[in-house]
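Survey of secondary and tertiary structure
Here is what each chain is made of, one letter per residue.
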Amino acid sequence: MDEFTVDAFVNRDEPIPVVRLEPQDDLAYSDGEDHSSEERKRGVLKRHGKNLKENLRKAQDKVSDRGSSVQDRLLEKLLQQVIPIEDQTASRNHPPSPQSEFVTRPSFNITTMSNNFRRFNARIGVVFVFQAKIIRLLSWHKPTHTLSLLATYTFVCLDPYLITVLPLALLLLGLLIPSFIARHPAPPSTISSNSTSTPYQTHGPALAPAPTVKPVKELSKDFFRNMRDLQNSMEDFSQVHDRILHLLTPPTNFSNEPLSSFLFLSAFLISLLMFIASDLIPWRIFFLLSGWTTVALGHPTIQRQFIHAHKHYIRPQEKVAKSYINQWISHDIILDSAPQTREVEIFELQKLSHPTGEWESWLFSSSPYDPLSEGRIRGERPKGTRFFEDVRAPEGWEWSEKKWALDLWSREWVEERIITGVEVETEGERWVYDLRYEVEYDDSEYGDFDITPRKDKDAKGKRRVLPSWEEGSDAEGEGRGRRGEWRRRRWVRMVKRKWQPRRGSDVGS
């Protein structure tokens, strides 16, 4: 099983927290307020009878489910072997937070998933009811309701401060007033024969129980209706998700670099323009016209006209417009197609053989291994590869040249690295040799140089200042130094960026 899915939005951090509020799964419902003690006693007896029935039913379910519990356990064990178990060691190392008493992060469990789905499906009906009402409202099922929505939207657009009143209005009109009417229902009109209508009375005692919201019963018709709507909602979300990706991904992921560059340049210029001119745009009129246009497009007659116009007038010209835009982009957006290149270096190290006095090829290293390098001072051996063919390009790069080229400007790279105590060949094979000097006093700052005291009486009490580096002809002519046991020269080669497929580890990180 793959650890990561490339280009997918998945929560690879800690699990989504589960908030624990009160240890009660369902709401407790009462039959209503009873004013007489007799009715209260009856209500208490009824509740006790219901609890007893539930306890007996649970006991029978436990006895009947003993045979199936073994199958459930086997299925759970099998799924634990197939589904990767998350690593919880990282979360255990963190100190407990103040919310740890109310928040848990359980791992995947088939039993918990099943229970949560049943509870979720029994309570998700309110979302589907709200969705159905919104659809009926925007589709002009009742024009008076849609016009009322547009009127309210118009007032909010013209006076945006009214948006603070909307939550309170929804609380009054959507919750409190319907609940009061359900608690104090109007009298039936059949008892009055003299008048055609009976006025609604707001005073008097409550005549009906308070309305409550209960989860639907499992395996009922409403339960399966919620499953049907949940199934359709998942399909709608998948289709909308795929459609949005189909429209947005190719222009914005630089698979077509001219088009993505054009969008980037346009968005950048529009952003600069909006910084300057955003206060000059009549936003109230803009949102008012946008809202009315969006709701008007939901009218059946306008929808038919719009579909007809799109089919006969817009769609035939769509390909022509796209070809014109692509042609304009290809002429005006010029991209540098040359890949990015860099120069890499490798140092060929050779060591002097004491028995024969000849130079032996040692290895190819990324470091010049100069006398005052960190590894040289610590007495470490140089690191690298023995053969030229084993030198690989850096990760994410590939060779753009077939062969290595010898760097003829050896003095420049010595000066750039501020390398001291070496002899530089400016002609020939461009080797850079270690040097050993003879100085007045022994000084440990020169590392493994061969330093011996001089016997010149004129130089008593003085110490020679060593040069940073010497050219080969000067060192040999004056006889001021002799070569050490290491020499190196620099080879260079050009590399270019190569195609790198995206890896799952990059996405996970």
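Residues numbered from 1 in each chain as written. Predicted model: local features only at pLDDT ≥ 70, side-chain atom pairs only at ≥ 80, totals over all residues. Heavy atoms only, no water.

1. Brief notes about the overall build of the chain
The criterion, for reference: Counting from the N terminus, the helices are the DSSP runs of H or I reaching at least four residues and the strands are the DSSP runs of E reaching at least two. Accessibility here uses a 1.4 Å probe with only protein chains present; expressed as a share of the type maximum, an area under 20% marks a residue as buried, one over 50% as exposed, and anything in between as partly exposed. The Shrake-Rupley method, run with a 1.4 Å probe, gives the accessible areas here. Residue values count only the displayed protein chains as cover.
The helix and strand tally for the chain stands at 15 helices and 10 strands. For the chain, buried positions account for 19% of its 509 residues. Per element, the accessible surface of the chain, about 40100 Å² overall, is 59% carbon and sulfur.

2. Let's talk about helix 5 (residues 125–138)
Just so we agree on the cut-off: Expected helix span is taken as 1.5 Å per residue step, with the number of steps being one fewer than the number of residues. The contact rule is simple, with two residues in contact once any of their heavy atoms fall within 4.5 Å.
Relative to the 20 Å expected for 14 residues at 1.5 Å per residue, helix 5 spans 20 Å between its end C-alpha atoms, a close match to the ideal helical length. Contacts from the buried residues of helix 5 go to helix 4 (110–123), helix 6 (143–158) and helix 8 (221–252). In the stretch just after helix 5, W140 is the one whose phi turns positive, near 60°.

3. Some thoughts on the confidence of the model for the chain
Our working rule: For every residue, the predictor assigns a confidence score, pLDDT, that lies between 0 and 100.
Here the chain shows a mean pLDDT of 76. Residues at 70 or above account for 68%. Considering only residues more than four positions removed or in separate chains, one finds that residues 1–13, a stretch of pLDDT under 50, has 18 contacts. For the stretch residues 473–480, pLDDT sits under 50, and the model shows 10 contacts to residues farther than four places along the chain or on other chains.

4. Digging into the packing of helix 8 against helix 9 (residues 257–277)
The criterion, for reference: To obtain each axis, a line is fitted to C-alpha atoms, and for helices this fit is confined to the stretch in contact; angles are then taken between N-to-C directions over 0 to 180 degrees. Between 65 and 115 degrees an angle is taken as roughly perpendicular, under 35 as roughly parallel, over 145 as roughly antiparallel, and anywhere else as oblique.
Packing of helix 8 against helix 9 brings their axes to within 7 Å, and their N-to-C directions diverge by 95°. Classified by the angle between their axes, helix 8 and helix 9 sit roughly perpendicular to one another. From helix 8, P250, P251 and T252 reach across to helix 9, where they touch L259, S260 and L263.

5. A short note on the packing of aromatic side chains
Defined as follows: In this analysis, rings of Phe, Tyr and Trp, with Trp reduced to its six-membered ring, are considered paired at centre separations within 6.5 Å, and the interplanar angle assigns stacked below 30 degrees, edge-to-face beyond 60, and tilted for intermediate values. Charge-over-ring placement is defined geometrically: NZ (Lys) or CZ (Arg) within 6 Å of the ring centre, and within 35 degrees of the ring normal.
In total, this model carries 13 aromatic pairs according to the counting rule given. Ring centres 5.8 Å apart and planes at 90° place the aromatic pair W283 and F286 in the edge-to-face group. Of the two residues, W283 and F286 both sit in helix 10 (residues 283–296), three residues apart, roughly one turn of that helix. The exposure class of W283 is partly exposed, given its relative accessible area of 35%. Plain terms: the ring middles of W399 and W404 are 5.3 Å apart, the flat faces sit at 65° to each other, and that makes the pair edge-to-face. Residue W404 is classed as buried on the basis of its relative accessible area, which comes to 15%. Over the ring of W399 we find R493; its NZ or CZ atom is 4.2 Å from the centre of that ring. Sitting over the ring of W397, R497 keeps its end group 5.3 Å from the ring centre.

6. With respect to the nonpolar core
To keep things clear, this is the line we draw: To qualify as a nonpolar core, a set must consist of buried Ala, Val, Leu, Ile, Met, Phe, Trp, Tyr and Cys residues joined through side-chain atoms within 4.5 Å.
Ranked by size, the top nonpolar core spans eight residues in total: V344, I346, F364, V391, W397, W404, W491 and V495. Not counting chain neighbours up to four residues away, the residues in contact with W491 comprise V344, E345, I346, E348, F388, W404, A405 and L406. The next biggest cluster of nonpolar side chains, apart from the first, holds seven residues, and it includes F347, W413, V422 and V432.

7. So, the pattern of salt bridges
Which entries qualify depends on this criterion: For this document, the term salt bridge refers to a Lys or Arg side-chain nitrogen within 4 Å of an Asp or Glu carboxyl oxygen.
Applying the stated rule across the entire model yields 14 salt bridges. Put simply, E343, E345, D407, R417 and R490 are held in one network by salt bridges that share partners.

8. Remarks on the side chain of D407
Using the following cut-off: Between N or O atoms, a polar contact is any pair within 3.5 Å; within protein, one atom must be a potential hydrogen donor and the other a potential acceptor, and residues adjacent in sequence are included only when both atoms are from side chains.
Structurally, D407 can be placed in the loop between strand 6 (405–406) and helix 13 (410–416). Looking at D407, its side chain comes within polar contact range of the side chain of R490, at 2.5 Å. Among all residues touching D407, those that are not within four sequence positions of it are W413, R430 and R490.

9. Brief notes about helix 10
For clarity, the threshold we go by: This arc is taken over the directions from the axis of the helix to the C-beta atoms.
When the terminal C-alpha atoms of helix 10 are compared, their 20 Å separation across 14 residues agrees well with the 20 Å that a helix rising 1.5 Å per residue should span. All of the buried residues along helix 10 are L288, G291 and V295. Down the axis of helix 10, the buried side of the element spans an arc of 70°, and every buried residue falls inside it. Exposed side chains of helix 10 directed beyond 90 degrees from the buried face belong to L289 and T294. The inward-facing, buried residues of helix 10 contact helix 5 and helix 6.

10. Some details on the environment of W499
Checked against the element boundaries, W499 lands in the loop between strand 10 (481–497) and helix 15 (504–508). For W499, a relative accessible area of 79% gives the class exposed. For the pair W499 and G396, spaced 103 residues apart in the sequence, the C-alpha separation amounts to 7.7 Å.

11. A word on unusual backbone geometry
Despite not being glycine, L219 has its phi angle at roughly 65°, a positive value. Structurally, the position occupied by L219 is in the loop between helix 7 (166–183) and helix 8. Among the residues examined, L219 registers a relative accessible area of 69% and is labelled exposed. In this structure, R430 takes a positive phi of about 60° despite not being glycine. Inspection of the secondary structure puts R430 in the loop between strand 7 (422–424) and strand 8 (432–437). Residue R430 is classed as buried on the basis of its relative accessible area, which comes to 15%.

12. Focus: the pairing of strand 3 (residues 341–352)
So the rule is basically this: Each pair of strands is called paired provided DSSP finds at least two bridges between the two strands.
The pairing of strand 3 with strand 4 (residues 359–365) spans six bridges and is classified as antiparallel. Within the sheet, the bridge partner assigned to L352 lies in strand 4 and is W359. In this structure, the hairpin formed by strand 3 and strand 4 is closed by a connection of six residues, where G357 is found at a positive phi of approximately 75°.

13. What to know about the side chain of S260
Mapped onto the fold, S260 is located in helix 9. S260 sits in the buried class, given a relative accessible area of 3%. With near-sequence residues (within four places) excluded, S260 lies in contact with P250, P251, T252, N253, F254 and S255.

14. A look at the packing of helix 6 against helix 10
Definition in use: Each crossing gets its handedness from the near helix: less than a right angle anticlockwise from the far helix is left-handed, clockwise is right-handed. For this classification, the nonpolar set comprises Ala, Val, Leu, Ile, Met, Phe, Trp, Tyr, Cys and Pro, the charged set comprises Asp, Glu, Lys and Arg, and every other residue, Gly included, is treated as polar.
With their axes 9 Å apart at the nearest point, helix 6 and helix 10 run at an angle of 165° to one another. In terms of their interaxial angle, helix 6 and helix 10 are classed as roughly antiparallel. Along this stretch, helix 6 crosses helix 10, giving a crossing that reads as right-handed. Of helix 10, the residues touching helix 6 (which contributes T146, L150, Y153, T154, C157 and L158) are R284, F287, L288, G291, W292 and V295. Looking at the contact of helix 6 with helix 10 residue by residue, the classes come out as eight nonpolar, three polar and one charged.

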